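What follows is the residue order along each chain.
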Amino acid sequence: MGEQQYHLPVLLQETTELLHINPSGTYVDATFGGGGHSRAILERLGENGRLIVFDQDEDAYRNRIIDDRVTFVQQNFRHLQRFLKLHKAEPVDGILADLGVSSHQFDTAERGFSIRFDADLDMRMDTRTDLTAAKLLATWSEAKLHLLFQEYGEVTNSKTLAQTIVKNRKAHPMRTIAEFKSVIQPIVKGNPQKYLAQVFQALRIAVNDELGALKDILSQSAEVLKPGGRLAIITFHSLEDRMVKNFMKSGSFEEAQDDPFGLETPPKLFKLITKKPVTASDAELRTNSRSRSAKLRVAEKNL
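Not measured: the values here are computed from a predicted model.

Caption draft 1: Summary view of the side chain of Glu300. With respect to the helices and strands, Glu300 occurs in strand β7 (residues 295–301). Within the local environment of Glu300, its side chain forms a polar contact with the side chain of Arg230, the two groups lying 2.9 Å apart. Setting aside residues up to four positions removed in sequence, Glu300 forms contacts with Gly228, Gly229, Arg230, Leu269, Phe270, Lys271 and Ile273.

Caption draft 2: View of the packing of aromatic side chains. The final tally for this structure, using the stated rule, is five aromatic pairs. A ring pair is formed by Tyr61 and Phe72, whose centres lie 5.2 Å apart and whose planes are at 75 degrees; its orientation type is edge-to-face. Here Tyr61 is found in helix α4 (residues 58–62), whereas its partner Phe72 is found in strand β3 (residues 70–73), with 11 residues between them in sequence. Chaining the aromatic ring pairs together yields one cluster made of Phe32, Tyr61 and Phe72. Sitting above the plane of the Tyr61 ring, Arg64 keeps its charged end 4.0 Å from the centroid. Here the basic side chain of Lys144 rests over the ring of Trp140, its NZ or CZ set 4.1 Å away from the ring centre.

Caption draft 3: Fine view of the pairing of strand β1 (residues 26–29). Judged by which residues are buried, β1 turns out to be covered on both faces: Thr26 and Val28 on one side and Tyr27 and Asp29 on the other are all buried. Both β1 and strand β2 (residues 50–54) contribute to a ladder of four bridges, which runs parallel. Looking across to β2, one finds that Val28 is bridged to Ile52. Note on the crossover from β1 through helix α3 (residues 36–44) to β2: the handedness is right-handed. Here β1 runs beside strand β4 (residues 92–98); their pairing, made up of three bridges, is parallel. What sits directly across from Val28, in β4, is Ile95.

Caption draft 4: Region of interest: the sheet that holds strand β5 (residues 225–235). If you trace the seven strands from one edge of the open sheet to the other, you get β3-β2-β1-β4-β5-β7-β6, paired in mixed fashion. The two strands at the open ends of the sheet, each matched to only one other strand, are β3 and β6 (270–272). Here the average twist between neighbouring strands, direction ignored, is 20 degrees. The pairing of β5 with β7 spans six bridges and is antiparallel. By the bridge assignment for β7, Ile234 is matched with Leu296. Sitting on the sheet, helix α12 (residues 210–224) touches β4, β5, β6 and β7, and the angle it makes with β5 is about 155 degrees. Against the sheet, helix α13 (residues 238–250) engages β5, β6 and β7, with an angle of about 20 degrees to β7.

Caption draft 5: Spotlight on the confidence of the model for the chain. Looking at the chain as a whole, the pLDDT averages 91, with 90% of positions reaching at least 70. Taken together, the stretch residues 1–5 has pLDDT below 50 and engages in nine contacts with residues farther than four places along the chain or on a different chain.

Caption draft 6: Fine view of the layout of surface pockets. For the second largest pocket, the calculated volume is near 450 Å³. Together, 20 residues line the second largest pocket, and Glu151, Tyr152, Leu211, Leu239 and Met243 are the ones closest to its centre. For the lining of the second largest pocket, the secondary structure elements donating two or more residues are α8 (142–153), α11 (192–207), α12 and α13. For the lining of the second largest pocket, the element with the highest residue contribution is α8, accounting for five residues.

Caption draft 7: Representation of helix α10 (residues 177–184) within the structure. Those residues of α10 that sit buried are Ile177, Phe180, Val183 and Ile184. Within α10, the buried residues cover an arc of 130 degrees as seen down the axis, which keeps them to one side. Against the buried residues of α10 lie α7 (133–139), α9 (158–168) and α11.

Caption draft 8: Structural view of the pattern of salt bridges. Enumeration according to the criterion identifies 13 salt bridges in this entry. For Asp59, the salt bridge is made with Arg62, and the minimal N-O distance between the two is 2.2 Å. Pair noted here: Asp59 and Arg62 are both in helix α4, with a separation of three residues, about one helical turn. The shortest N-O distance in the salt bridge between Asp122 and Arg124 comes to 2.8 Å.

Cut-off values and rules
- Throughout, residues of each chain are indexed from 1 in the direction in which the sequence is written.
- Side-chain atom pairs in this predicted model are given and counted only at pLDDT of 80 or more, local residue features only at pLDDT of at least 70, and totals for whole chains, interfaces and linings cover all residues.
- To get the side-chain values, all heavy atoms of the structure are used, and hydrogens and water are removed first.
- A run of H or I in DSSP becomes a helix once it reaches four residues, and a run of E becomes a strand once it reaches two; helices and strands are each numbered from the N terminus.
- Polar contacts, as counted here, are pairs of nitrogen or oxygen atoms within 3.5 Å of one another; within protein the pair requires one atom able to donate a hydrogen and one able to accept it, and residues that are adjacent in sequence qualify only if both atoms are side-chain atoms.
- Any pair of residues with heavy atoms lying within 4.5 Å of one another is described as a contacting pair.
- Any two of the Phe, Tyr and Trp rings considered here, Trp counted by its six-membered ring, make a pair once their centres fall within 6.5 Å; the pair's planes then place it as stacked at under 30 degrees, edge-to-face at over 60, or tilted in between.
- In this scheme, Lys NZ or Arg CZ marks a charge over a ring once it lies within 6 Å of the ring centre and within 35 degrees of the ring normal.
- To sort residues, take the accessible area from a 1.4 Å probe on protein chains only and compare it with the maximum for the residue type: under 20% means buried, over 50% means exposed, and anything in between is partly exposed.
- For two strands to be treated as a pair, DSSP must find no fewer than two bridges joining them.
- The crossover handedness rule: strands pointing away from the viewer, path from first strand over the helix to second strand clockwise, crossover right-handed.
- Here an axis means a line fitted to C-alpha atoms, over the contact stretch when the element is a helix, while the angle between two N-to-C directions is reported on a 0 to 180 degree scale.
- You can read pLDDT as the predictor saying how much it trusts each residue, on a scale of 0 to 100.
- Only protein atoms enter the 1 Å grid used here. Points where a 1.4 Å probe fits but cannot escape make up a cavity, open sets with protein on both sides within 12 Å along at least five of seven lines make up a pocket, and a residue lines them when an atom lies within 4 Å of a point.
- Grid points are joined across faces, edges and corners, and a volume is the space filled by probe spheres set on the points.
- Here the arc refers to the set of directions running from the helix axis out to each C-beta atom.
- What makes a salt bridge here is a side-chain nitrogen of Lys or Arg within 4 Å of a carboxyl oxygen of Asp or Glu, nothing more.

This is the structure in structure tokens:
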């Protein structure tokens, strides 16, 4: 399958330039997807360069690049450090993670990611895991669902949505996208497309523990990067972006507070390469509408 059909990589030129690729270095593409970013990195690597790619998705594995310089790890990137050790690939010169769902995943109806189709409510990036969106909706408590839709989807009536799901789920099981839409249809607020997109985003983040996985890779990146190595993360919603921004700035996931007493703070892990996030150019927006919410942040590990 051609990479263009599979997934159009966002901020491709900006990312590869800001990674500052050393031709004989070792790099990680933590989110292989259609391989667009990986191919761009490989073009800049010489024969002694090395690329370790991660993707837990079976379709991505089938679409892998056959190249002696590439090692494919069919696992969630939260296991970054463990597999770099296993493949004797650390320390590394650069790490890239593009946190967007690939176009291929959205466009494959049976994966259950998109509101455009009817299919089983699945949403698992890794189909070897147990928790599907249908199972989550059938078993999570009202309080947990409320928090999920409020925090991960910023859904305006998240409390009402959680109540509606819990009240109806025995009589009206929500195993498919159509069944789920039918149950929540009476309480949809504002633009239905936008509302459903927020709800589906929240479910997908929870099913795949995306924020937990992001915390893991950020924490491990500081361990596995060489001094002077670069970390490039592309995010697609504010929760992820805030986490990346705080971590790159202070090595913490919380907002760093200025110390009024001017006491010494621990030495910073990273130097910011991008003071503000890099966003898509007008030209890219015209060819790839999914790049609209993409934000790229890059930092360099301090010496």
